[in-house]
Amino acid sequence: MLKFTDTPQQYPDVKAAESRKKDFNEIYAQFDPAQASVQASRCSQCGVPFCQIHCPLQNNIPDWLKLTAEGRLEEAYAISSATNTFPEICGRICPQDRLCEGNCVIEKGFDSVTIGSVERYITENAFANGWVKPIKVTQETGISIGIIGSGPAGLAAADMLRRKGHEVHVYDRYDRVGGLLIYGIPNFKLEKEIVARRHQLLAEGGIYFHLNYEVKDIAELKEKHDAVLIATGVYKPKEIQIPDYSLANIIQALDYLTASNRKGLGDRVANYENGMLNAEGKEIVVIGGGDTAMDCVRTAVRQGARSVTCLYRRNEENMPGSKREVKNAMEEGVKFMWLSAPKAFAGNGYVSQVLVQQMRLISHDASGRQSVVPVEGETFSIPCDLAIKALGFEPEDLPTLFNAPELGLSKYGTVHVDSKSFATSLEGVFAAGDIVRGASLVVWAIKDGRDAAAAMHRYVMSQHTKSKAA
Ligand code: FAD
Ligand code: SF4
Ligand code: SF4
């Protein structure tokens with residue numbers, strides 16, 4: 001260990017922009033065994049590992065780095081998978097620059113340990129060696145759990161609860177398992193086989209999946225199961241109210257990304273084939289500066305757009321998304337217009353121009369980022385055949401959706417839960433993931449799903465003991 005003094009930081013190879021633009025495959029290669037060992041050996045085994053503190057799952061990073069450096073990969077996998085249900089997914093798509101790697105306190109002047117890439121390597125190596133096995137239950141409890149939503153929160157909870165011997169049923173309105181892992185995040189960040197492989201393992205471990213099943217009444221599931229978890233994510237797009245925003249060819253980011261992901265999975269997608277959700281040959285304007293906006297611009301590049309412009313009302317330093325994704329987008333030819341906000345759309349039935357308002361930075365707001373105000377009289381128009389709105393998400397009207405007026409909500413409209421027990425205001429009903437936290441990250445959804453599962457296990461076991469005693 002401690003090799004950081006003579007071994008430079010190295011990330012896995014990344015495909016050159018010109019070649020990666022031609023397909024939707026992942027752009028980063030994987031470490032080979034020697035690279036993984038050498039990069040892991042750069043860790044200085046801190047007494048107080050800030051990397052671990054800033055990983056939402058509190059992964060035991062120094063230990064699995066040491067084991068990887070020593071070639072003890074089966075043990076490294078055992079430690080890494082003890083705290084993370086999907087380490088190969090987090091290794092690929094966590095914003096490591098804001099989490100573990102961004103807080104690696106290797107000596108000043110040296111670059112951080114490449115934690116995410118090593119985590120991915122450990123798990124891919126474990127899959128290749130057959131060390132990742134389906135859950136084997138030795139004793140069934142006879143307790144039944146219903147989970148609404150098969151995104152990372154629902155799946156992490158399902159995995160933990162099945163390991164306890166409960167019968168677990170996961171319901172999802174979609175036809176595939178994975179939530180935003182499958183229909184939101186593009187293939188070039190996370191190949192869909194990685195998610196499908198996990199679905200298969202969980203099914204082999206005895207978890208029942210009910211797909212194309214939209215839960216509209218929570219009471220229906222409460223009758224069937226001893227406890228229910230709501231892990232339905234947030235999907236209502238935030239809107240901009242500017243003139244002519246209802247013109248055709250102004251679309252929502254998630255509709256666009258879902259169509260692209262479905263196409264990649266081999267589905268027939270009418271609105272892709274008729275051109276409505278397809279950027280090919282068009283001048284694309286994406287509005288927003290977060291990770292979803294970056295996914296849209298990079299998808300448009302791969303679909304063969306004539307030009308792709310990202311409009312963002314603040315400047316580059318104040319962008320909320322991952323710096324790595326912005327860099328990738330720039331390399332792929334996306335044009336960024338900073339301090340630019342849409343003021344109006346124009347066109348005859350279909351949008352053909354976006355009127356842009358120039359902005360300027362003023363003081364910092366509550367989020368720590370600088371606010372902006374319009375620069376009087378500074379507007380200009382840019383051509384646009386397809387405008388994609390990527391302004392973030394919020395929850396739907398949940399009590400109406402689940403026919404449960406007594407379901408308590410937070411002031412943000414998300415489901416309110418007790419922070420320790422994950423219990424909602426409905427007896428026996430719990431909630432986790434984006435539907436509680438608001439739009440967040442996969443790693444937080446996994447963390448919440450795991451913690452909610454532990455709380456649900458305590459709840460069902462105590463109910464079980466009470467009913468036996470009665
Ligand atoms: P979801 O993943 O949204 O899953 C919820 C599931 O519930 C869905 O499958 C949905 O169909 C189902 N459902 C909803 N209502 C019902 C109902 N009534 N009945 C049955 N099923 C229902 N995070 C990262 O860490 N890294 C990234 O790179 C990243 N990129 C992203 C890119 C995009 C475009 C988006 C939109 C998000 C991205 N995120 C990323 C955020 C991340 O995907 C989410 O934080 C995470 O998926 C939330 O997990 P979840 O399980 O709470 O919800
Ligand atoms: Fe880093 Fe994410 Fe892995 Fe935690 S889960 S170690 S934050 S990549
Ligand atoms: Fe190793 Fe960096 Fe974590 Fe310290 S902070 S234990 S150097 S990875």
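Residues numbered from 1 in each chain as written. Chains lettered and ligands numbered in written order. Predicted model: local features only at pLDDT ≥ 70, side-chain atom pairs only at ≥ 80, totals over all residues. Heavy atoms only, no water.

**Structural notes on the site of ligand 2**
We count it as follows: Distances are taken per atom, and a residue is near a molecule or strand as soon as one of its heavy atoms is within 4 Å of it. Charged means Asp, Glu, Lys or Arg here, nonpolar means Ala, Val, Leu, Ile, Met, Phe, Trp, Tyr, Cys or Pro, and polar covers whatever is left, Gly included.
Around ligand 2, the structure places Cys55, Asn59, Ile61, Asn84, Cys90, Cys94, Gln96, Leu99, Cys100, Ile115, Glu119 and Val443. Its residues assigned to classes, the shell around ligand 2 comprises eight nonpolar, three polar and one charged.

**Focus on the site of ligand 1**
For clarity, the threshold we go by: In protein, a polar contact requires one atom able to donate a hydrogen and another able to accept it; more generally it is a pair of N or O atoms within 3.5 Å, and residues adjacent in sequence count only if both atoms are side-chain atoms. Surface exposure here means Shrake-Rupley accessible area, sampled with a 1.4 Å probe, where a residue is shielded only by the protein chains that are shown. Counting from the N terminus, the helices are DSSP H or I runs at least four residues long and the strands are E runs at least two residues long. Domain segmentation is taken from an automatic or database assignment of domains.
The environment of ligand 1 is formed by 34 residues, the closest being Ile93, Asp172, Lys189, Tyr235 and Asp434. Lys189 is positioned such that a nitrogen or oxygen atom in its side chain is 2.9 Å from an oxygen atom of ligand 1. Asp434 is positioned with one of its backbone polar atoms (N or O) 2.9 Å from an oxygen atom of ligand 1. For ligand 1, whose unbound accessible area comes to 1000 Å², protein coverage reaches 97%. Mapped onto the shell around ligand 1, the elements with two or more residues apiece are helix H8 (152–163), helix H14 (291–302) and helix H18 (442–469). For the shell around ligand 1, the two domains that each supply at least three residues are domain 2 (144–235 + 394–469) and domain 3 (239–391).

**Some thoughts on the layout of surface pockets**
How we decide: Buriedness of a pocket was judged along seven lines, with at least five required to meet protein on both sides within 12 Å; pockets are open sets of points on a 1 Å grid over the protein atoms alone, cavities are sets where a 1.4 Å probe fits but cannot get out, and lining residues have an atom within 4 Å of a point. Grid points are joined across faces, edges and corners, and a volume is the space filled by probe spheres set on the points.
A volume near 310 Å³ is recorded for the second largest pocket. Taken together, 19 residues make up the lining of the second largest pocket; nearest its centre are Tyr77, Lys133, Asp159, Arg163 and Arg198. Elements with a minimum of two residues in the lining of the second largest pocket: helix H5 (73–83), H8 and helix H10 (192–204). Each residue belonging to the lining of the second largest pocket can be placed in one class, and the counts come to ten nonpolar, three polar and six charged. Built from parts of two domains, the lining of the second largest pocket gets at least three residues from each of domain 1 (3–128) and domain 2 (144–235 + 394–469).

**Examining the packing of aromatic side chains**
Stated formally: When two rings of Phe, Tyr or Trp (its six-membered ring) have centres within 6.5 Å they constitute a pair, described as stacked for plane angles under 30 degrees, edge-to-face for angles over 60, and tilted for the intermediate range. Charge-over-ring contacts are defined here by two conditions on Lys NZ or Arg CZ: a distance within 6 Å of the ring centre and an angle within 35 degrees of the ring normal.
Enumeration over the complete set of coordinates arrives at five aromatic pairs. Look at Tyr171 and Tyr213: their rings are 4.8 Å apart centre to centre, the planes differ by 65°, and that puts the pair in the edge-to-face class. Taken as a pair, Tyr171 in strand E2 (residues 167–171) and Tyr213 in the loop between strand E3 (208–210) and helix H11 (218–224) lie far apart in primary sequence, 42 residues in all. Between the NZ or CZ atom of Arg173 and the centre of the ring of Tyr174, over which it lies, the distance is 5.1 Å.

**Some details on the side chain of Ser322**
The cut-off we apply is this: The criterion used for residue contact is that any of the two residues' heavy atoms lie within 4.5 Å.
Within the secondary structure, Ser322 sits in the loop between strand E8 (307–311) and helix H15 (323–331). Other than its neighbours up to four places away in sequence, Ser322 contacts Asp97, Arg98 and Asp291.

**Thoughts on a nonpolar patch on the surface**
As a reminder, the rule being used: Patch membership requires over 30% relative accessible area and the absence of a salt bridge. Like charges are linked within 9 Å, and nonpolar side chains (Val, Leu, Ile, Met, Phe, Trp, Tyr) within 5 Å. Think of a salt bridge as a Lys or Arg side-chain nitrogen and an Asp or Glu carboxyl oxygen that are within 4 Å of each other.
Side chains of Val48, Phe50, Ile53 and Val105 sit close together on the surface and give an oily, nonpolar patch of about 340 Å² of accessible area. Position of Phe50 relative to the elements: it lies in helix H3 (residues 50–53).

**Description of the sheet that holds strand E10 (residues 340–348)**
Our working definition: Should DSSP find at least two bridges between two strands, the strands are taken to pair. For helices, the axis comes from a line fit to the C-alpha atoms of the stretch in contact; other axes are also lines fit to C-alpha atoms, and the angle between any two N-to-C directions lies between 0 and 180 degrees.
Strand order in the open sheet made by the three strands is E10-E11-E12, with antiparallel pairing throughout. Only two strands of the sheet have a single neighbouring strand rather than two, namely E10 and strand E12 (370–383). In this sheet, adjacent strand axes meet at a mean angle of 20° when their direction is disregarded.

**Notes on the pairing of E8**
Rules: Classification of residues uses two cut-offs on accessible area relative to the type maximum, computed with a 1.4 Å probe and protein chains only: under 20% is buried, over 50% is exposed, and between them is partly exposed. With its strands directed away from the observer, a crossover is right-handed exactly when the path from the first strand over the helix to the second travels clockwise.
Summarising burial for E8: four of the five residues are buried, a large majority. Summarising the sheet, strand E7 (residues 283–287) and E8 pair through five bridges and their orientation is parallel. Along E8, the bridge assignment pairs Glu283 with Ser307. When E8 meets strand E9 (residues 335–337), the two strands line up parallel, connected through three bridges. Paired with Leu311 across the strands is Met337, a residue of E9. Tracing the backbone out of E8, into H15 and back to the parallel element E9 gives a crossover that is right-handed.

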